[in-house]
Amino acid sequence: MAAPEEALWERDDHTEGKHLVLEEYLKAWFPILGTAKANQRILFVDGFAGPGEYAGGEEGSPVVAMRVLAEHAARERINAEVVFVFIEKDAKRADHLKGLRDEWLPKLPERTRIRVLNDSFPSVMDEVLKELAEEKAQMAPALVMMDPFGIRDVPLTVIAGILANPKCEVYVTFMWEQMNRFLTALEFESHLDEMFDTTVWRKAISMQGDERRRHLYLLYRAQLKKAGAKHVLPFHLFKGQRRKYSLFFATGHVLGSDRMKKAMWKIAPFGDFSFRGGTADQLVMLGVAEPDFRVLREALHRRFAGAGWVKIQEVLNFVRSDETMFHDSQVKVPVLKPMEKTGKIEVRRRTGQRRFKYPNGCRIRFL
Ligand SMILES: C[S@@+](CC[C@H](N)C(=O)[O-])C[C@H]1O[C@@H](n2cnc3c(N)ncnc32)[C@H](O)[C@@H]1O
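Residues numbered from 1 in each chain as written. Predicted model: local features only at pLDDT ≥ 70, side-chain atom pairs only at ≥ 80, totals over all residues. Heavy atoms only, no water.

Student: Looking at this structure, I do not really get the packing of aromatic side chains. What am I missing?
Tutor: We describe a pair of aromatic rings using the distance from one ring centre to the other and the angle between the two ring planes. Evaluation of the coordinates by the stated rule reveals 22 aromatic pairs. Ring geometry for tryptophan 29 against phenylalanine 30: centres 5.4 Å apart, planes inclined by 70°, an arrangement best described as edge-to-face. Of the residues examined, tryptophan 29 reaches a relative accessible area of 2% and is grouped as buried. Here phenylalanine 174 and tyrosine 217 contribute two aromatic rings whose centre-to-centre distance is 4.8 Å and whose plane-to-plane angle is 65°, an arrangement assigned as edge-to-face. Remark: tyrosine 217 occurs in helix α8 (residues 209-226) and phenylalanine 174 occurs in strand β5 (residues 168-174); sequence separation between them is 43 residues. Accessibility expressed as a relative area gives 10% for tyrosine 217, which makes it buried. The aromatic ring of tryptophan 309 is capped on one face by arginine 348, whose charged end is 4.6 Å from the ring centroid. (Phe/Tyr/Trp six-rings, centres within 6.5 Å; stacked < 30°, edge-to-face > 60°. Buried < 20%, exposed > 50% of the residue type's maximum accessible area, 1.4 Å probe, protein only. Helix = DSSP H or I, 4+ residues; strand = E, 2+ residues; numbered from the N terminus. Lys NZ or Arg CZ within 6 Å of the ring centre and 35° of its normal.)

See the structure below:
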């Protein structure tokens, strides 16, 4: 979309998918990070925060995040100080967001701080990362969302600086449609160089259709890994048949990957990690959505056949990683149990442990 001029703008239908995934992920993220004794502070940074709501009154990402914490059943167990940092370059939007911050702050746990910065994301982050480097300090565990209208101001070097901190993750918008349309425009060159931190994206100029898309998506994924991510997961937003943009989640932690896949499956129950407005929900209600677990069975077989006896934990971590599209609740009953029943796996359990259960410590051989 062309960047709107006004402070608040109409929300597109597909935008909802971005917020639904964020909401589901934060429901897991706040208690996991916020109750860990080691974490005195956790940060949710919304680097392109917007005004906090849309012209029709729908919530923007900062309000989604504050609401998830305000309504969380585990909010009393969260010992860490939760800091929301909302960065917004446009003064009118930042002011609007400050108004919403004032409304939400009293509803949040006592140890919550909210900072609204009327500034530009890369300059704020550059400053923060420079200070941390000078003090040889680490950033507190953080989820950093980067959701610009276009492709500028999301340099990969900043993402690398964030991911260099062990519990920091990013959720970044990849503006596919705009990128595809303006790939040859001279004014975009330097932004694309910054975004990919390489000039290899230029190869896509001579490509068309799926080949071009595959090249740019795989390149971005590879560059995020080079920037420090161990797991990279894309989620796609469609308007009808048109792929508008995608969100890339990048993390260093296998549990982050697993929880994000759970969030994505909840919003996209076909397992295609795509959101198309309201259609998916209707099909679930009709009972059409049914994950195809054959894909996971085959992936497990490819990975572990011939590997001897493997610990269940190793199997689960493989599934949690970005090497599969599945998450760990989809392993035991839907996949291992039928595989054991049909003799595709053998299981070594301690005496007294029941068949078709896969507790920690059991070992599996894929035949
Ligand atoms: C797509 S909107 C964000 C929407 C918001 N994340 C949400 O989901 O509700 C992008 C916002 O980034 C702001 N912006 C543009 N360039 C920026 C920059 N360099 N730093 C911070 N904010 C910026 C725009 O004014 C706009 O409000």
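Student: Honestly, the pairing of strand β6 (residues 231-239) in this entry has me stumped. Any pointers?
Tutor: Where a strand is regular, its side chains alternate between the two sheet faces. Taking burial as the measure, the 9 residues of β6 include 7 buried ones, the bulk of the element. In this antiparallel pair of consecutive strands, β6 and strand β7 (residues 242-251), the connection spans 2 residues, and glycine 240 shows a positive phi of 60°. In this structure, β6 lies alongside strand β8 (residues 274-275), joined through 2 bridges in parallel fashion. Note that in β8 the partner of histidine 236 across the bridge is serine 274. (Pairing = 2+ DSSP bridges.)

Student: Help me out: how do you make sense of the domain arrangement of the protein in this one?
Tutor: By a widespread convention, an interface's size corresponds to the accessible area lost as its parts come together. Each domain of the protein was delimited in the assignment, giving domain 1 (15-285) and domain 2 (294-366). Just the C-alpha atoms count here: the centres of domain 1 and domain 2 sit 32 Å apart. Each partner contributes residues to the interface: domain 1 has 16 residues there, and domain 2 has 12 residues. Taken over both partners, the interface formed by domain 1 and domain 2 buries close to 1,000 Å², and the fraction arising from carbon and sulfur atoms is 51%. Scanning the region where domain 1 abuts domain 2 turns up 3 salt bridges. Lysine 262 is the partner of aspartate 328 in a salt bridge, and the nearest nitrogen-oxygen pair spans 2.7 Å. Here domain 1 is connected to domain 2 by 13 residue pairs in polar contact (both at pLDDT 80 or more). Those elements giving two or more residues to the side of domain 1 that touches domain 2 turn out to be α8, β6 and α9 (254-267). In terms of residues, the side of domain 1 that touches domain 2 owes the most to one element, α9, which gives 8 residues. (Domains from an automatic or database assignment. Contact = heavy atoms within 4.5 Å. Buried area = accessible area lost by both parts, 1.4 Å probe. Salt bridge = Lys/Arg side-chain N within 4 Å of Asp/Glu carboxyl O. Polar contact = N/O pair within 3.5 Å; in protein donor to acceptor, adjacent residues only side chain to side chain.)

Student: What should I look at first to understand the environment of phenylalanine 275 in this one?
Tutor: Its place among the elements puts phenylalanine 275 in strand β8. The spatial distance from the C-alpha of phenylalanine 275 to the C-alpha of lysine 18 is 8.5 Å, given a sequence separation of 257 residues. Apart from the residues within four sequence positions on either side, phenylalanine 275 is in contact with Asp13, His14, Glu16, Gly17, Leu20, Phe235, His236, Leu237, Phe238 and Ile267.

Student: Looking at this structure, how should I read the sheet that holds β5?
Tutor: Think of a sheet as strands paired side by side through backbone hydrogen bonds, with each pair either parallel or antiparallel. Taken together, the 8 strands give an open sheet; going across it, the order is β3-β2-β1-β4-β5-β7-β6-β8, and neighbouring strands pair in mixed fashion. This sheet does not close on itself; its edge strands, each paired only once, are β3 (112-117) and β8. Here strand β4 (residues 142-146) runs beside β5; their pairing, made up of 5 bridges, is parallel. Paired with leucine 143 across the two strands is glutamate 169, which belongs to β5. Set on the sheet, α8 makes contact with β5, β6 and β7; between it and β7 the angle comes to about 15°. (Axes fitted to C-alpha atoms, helices over the stretch in contact; angles between N-to-C directions.)

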